[in-house]
Amino acid sequence: MKPRLFSTLRCLHHENPLGLPRSGAPPQIPRMQRGLPQKRDIKDVKKVVAVSSAKGGVGKSTIAVNLALSFARRGHRTGILDTDIFGPSIPTLLNLSGEPRLSNNNQLLPLSNYGLKSMSMGYLIPEASPVAWRGLMVMKALQQLLHEVDWGGLDILVLDLPPGTGDVQLTITQQVHLSGAIIISTPQDLSLKDATKGVALFRKVNVPILGLVSNMSSFVCPGCGGKHPIFGPLGKIREMCGRNDLTLLGEIPLHPKICEDADRGKPTVVADPDGEEARIFNSIADTVGELIGLGK
Ligand SMILES: Nc1ncnc2c1ncn2[C@@H]1O[C@H](COP(=O)(O)OP(=O)(O)OP(=O)(O)O)[C@@H](O)[C@H]1O
Ligand SMILES: [Mg+2]
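Going by the annotation in an unreviewed UniProt entry, the name recorded for the protein chain is Cytosolic Fe-S cluster assembling factor NBP35, with Lindgomyces ingoldianus given as the source organism.

See below:
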């Protein structure tokens, strides 16, 4: 039998791409409209950490996957859940594809690489097909990704969030017990302004913010060896952290290797585990682990 999520998504994707109610069927009312839902644990998962930024393209998925791999390499049972329904990145980042199998109790079984378990919408629809859904369908898929995956026992699950402060962020923050959130930003004003909104959202719903990661902080020129702050002076991000009472968890340089490793599906932490960039990712993972009480 096909996984229920798979069948639902296939059906929605091919037959009802705009998510309109079927004729005769009453439209479903999302739980959100009937008052605030109860927060739930994700089954068999001890700690859940969300990687977020209101701004798109600042490196959430790249950082989420490298942090998750750092946790896995330290011996923690680790998973990563791609909650970006419209633009899933985890299949590419982990070089994984294919339909997930079903467990005995009808749950989706994660796909693994480099000792890291993963689940993504990208495994459930063909790679080149865009998802053209209305919010209700996205919420349905998200619920299933959150609560119908058999992780088989995890110490930590990293959630890679989509950009924005919309439905997905609200659903996750209101419905899942999160150990905390990590905010990603570049030092550019354009990104910092959105990151500040992300911080406000998590605080509003009482999710602890573990800190901020400054990505693409500076570029070390291989020619002259000079350090160039492409996205603006680093002082800006430190000021923003000070103003918002945030811990600066680390500063990741803009480096072509990080980009190339991402594209070939072998993130930097596994591609070059002894390199400087891996050291920074590992150090951030260690700090996060301490903050949430992950243990050794
Ligand atoms: N430190 C870095 N150095 C070089 N390239 C990077 C770095 N961080 C991220 N990138 C590249 O920047 C692009 C955006 O990264 P990524 O997809 O992780 O961002 P995102 O915030 O998850 O985007 P979205 O909002 O679309 O989900 C990718 O091409 C990625 O390889
Ligand atoms: Mg992403």
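### Considerations on the nonpolar core
Residues Ile-80, Trp-151, Leu-159 and Ile-182 are the most contacted members of the largest nonpolar core, which totals 82 residues. With sequence-adjacent residues up to four places away left out, Leu-159 is seen in contact with Val-48, Val-49, Ala-50, Val-51, Leu-81, Thr-83, Ile-172 and Leu-178.

### What to know about the site of ligand 1
Around ligand 1 there are 18 residues in total, and Gly-57, Lys-60, Ser-61, Thr-62 and Pro-253 lie nearest to it. Contacts to ligand 1 include His-255, whose backbone N or O atom sits 3.0 Å from a nitrogen atom. Here ligand 1 has 630 Å² of accessible area as a free molecule, and 78% of this is covered by the chains. Contributions of two or more residues to the shell around ligand 1 are made by α2 (60–73) and α8 (256–263). Its residues assigned to classes, the shell around ligand 1 shows nine nonpolar, seven polar and two charged.

### Side note on the sheet that holds strand β4 (residues 116–120)
If you walk across this open sheet you meet the eight strands as β3-β4-β2-β5-β1-β6-β7-β10, and the pairing is mixed. Unpaired on one side and paired on the other, β3 (111–113) and β10 (248–251) mark the two borders of the sheet. On average, adjacent strands in this sheet sit at an angle of 25° to one another, irrespective of strand direction. Bridge count for β3 against β4 is three bridges, and the pairing is antiparallel. For Asn-113, the partnering residue across the bridge sits in β4 and is Leu-116. Helix-sheet contacts for α2 involve β1 (45–52), β2 (78–82), β3, β4, β5 (154–160), β6 (180–185) and β7 (209–214), and the interaxial angle to β5 is about 170°.

### Some points on the pairing of β6
The buried fraction of β6 amounts to six of the six residues, a majority that puts the element mostly inside the structure. Alternating residues of β6 divide into Gly-180, Ile-182 and Ile-184 and Ala-181, Ile-183 and Ser-185, and every residue in both groups is buried. Bridge count between β1 and β6: four bridges; the pairing is parallel. In the strand pairing of β6, Ala-50 is matched with Ala-181. Bridge analysis of β6 against β7 gives five bridges, and the strand direction is parallel. Bridge pairing links Ile-184 to Val-213 in β7. As for the winding sense of the linkage, the β-α-β connection from β6 through helix α6 (residues 189–204) to β7 is right-handed.

### Side note on the side chain of Gln-169
As for its placement among the helices and strands, Gln-169 is situated in helix α5 (residues 167–175). Take Gln-169: its relative accessible area is 2%, and that puts it in the buried class. Gln-169 has contacts with Leu-161, Pro-162, Pro-163, Gly-164 and Leu-201, leaving out every residue within four places of it along the chain.

### Regarding the pairing of β1
Counting buried residues along β1, six of its eight residues qualify, which places the element largely inside the surrounding structure. Summarising the sheet, β1 and β5 pair through six bridges and their orientation is parallel. Across the sheet, Lys-47 pairs through a bridge with Ile-156, a residue of β5.

### What about the pattern of salt bridges?
Per the stated rule, a full pass over the model turns up 11 salt bridges. Of the charged contacts, one joins Asp-194 and Lys-197 as a salt bridge, the two residues approaching to 3.5 Å between their closest N and O atoms. Note that Asp-194 and Lys-197 are positioned in helix α6 at a spacing of three residues, about one turn of the helix. Counted as one network, the salt bridges with shared partners bring together Lys-46, Arg-77 and Asp-155.

Parameters and conventions
- Residues numbered from 1 in each chain as written.
- Chains lettered and ligands numbered in written order.
- Predicted model: local features only at pLDDT ≥ 70, side-chain atom pairs only at ≥ 80, totals over all residues.
- Heavy atoms only, no water.
- Core = buried A, V, L, I, M, F, W, Y, C linked by side-chain atoms within 4.5 Å.
- Buried < 20%, exposed > 50% of the residue type's maximum accessible area, 1.4 Å probe, protein only.
- Contact = heavy atoms within 4.5 Å.
- Near = heavy atom within 4 Å.
- Polar contact = N/O pair within 3.5 Å; in protein donor to acceptor, adjacent residues only side chain to side chain.
- Areas by Shrake-Rupley, 256 points an atom, 1.4 Å probe, with all protein chains shown as cover.
- Helix = DSSP H or I, 4+ residues; strand = E, 2+ residues; numbered from the N terminus.
- Nonpolar A, V, L, I, M, F, W, Y, C, P; charged D, E, K, R; others polar.
- Pairing = 2+ DSSP bridges.
- Axes fitted to C-alpha atoms, helices over the stretch in contact; angles between N-to-C directions.
- Right-handed = clockwise from strand over helix to strand, strands pointing away.
- Salt bridge = Lys/Arg side-chain N within 4 Å of Asp/Glu carboxyl O.

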